[in-house]
Amino acid sequence: MKVGIDRLIAERALRTPLSSKRVALLAHPASVTADLIHSLDALAACGDVQIAAAFGPQHGLRGDKQDNMIESPNFNDPVHHIPVFSLYGEVRKPTDAMMDTCDVILVDLQDLGCRIYTFTTTLRYILEAASKHRKAVWVLDHDTRT
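Notes on the structure in this doc start here. (Residues numbered from 1 in each chain as written. Predicted model: local features only at pLDDT ≥ 70, side-chain atom pairs only at ≥ 80, totals over all residues. Heavy atoms only, no water.)

## Comments concerning the pattern of salt bridges
For clarity, the threshold we go by: Salt bridges are defined by distance alone: a side-chain nitrogen of Lys or Arg within 4 Å of a carboxyl oxygen of Asp or Glu. Put simply, DSSP H or I for four residues or longer makes a helix, DSSP E for two residues or longer makes a strand, and each gets a number counted from the N terminus.
Under the criterion given, the structure shown has six salt bridges. Across the pair Arg7 and Glu11 runs a salt bridge whose closest N-O atoms are separated by 3.1 Å. A salt bridge links Arg15 to Asp48; the shortest N-O distance between them is 2.9 Å. Of the two residues, Arg15 sits in helix H2 (residues 12-15) while Asp48 sits in the loop between helix H3 (39-46) and strand S2 (50-56), which places them 33 residues apart along the sequence.

Right, here's the structure in full:
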């Protein structure tokens, strides 16, 4: 059994629709492959996915803000040289400028379904912004029951 990110990494044909697209990733610290490689790093290593930006929810893209209620700023990723937009900082919803950086947003978030978690709300805001800007959203499944 493979979760969404592992299937996307392993099966090149699944990535074919992304070949000419600017891709953004919405991810958090638990967004990792079965080998515990962060999803951003795994996608970049594919070589055929143009990672244009990333979005970090509460606690940041890589867990840089683990303390509860600590907001994080936007920054440029020092390894992948892309903007990382905080959706738990000055804004909670993606701005028009953020949405202009990509054509497709991949979402790799695990959530407990607990009302105090903000990840489901962040996904909702991404879906609303994507609809407004006519962007595709791919939710990488983490349901291990299938």
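## Structural notes on unusual backbone geometry
Phi angles above zero are rare outside glycine, and His81 is one such case at about 55°. Here His81 is to be found in the loop between strand S3 (75-76) and strand S4 (83-86). Phi at Arg134 takes a positive value of approximately 60°, unusual for a residue other than glycine. Position of Arg134 relative to the elements: it lies in the loop between helix H5 (119-133) and strand S6 (136-139).

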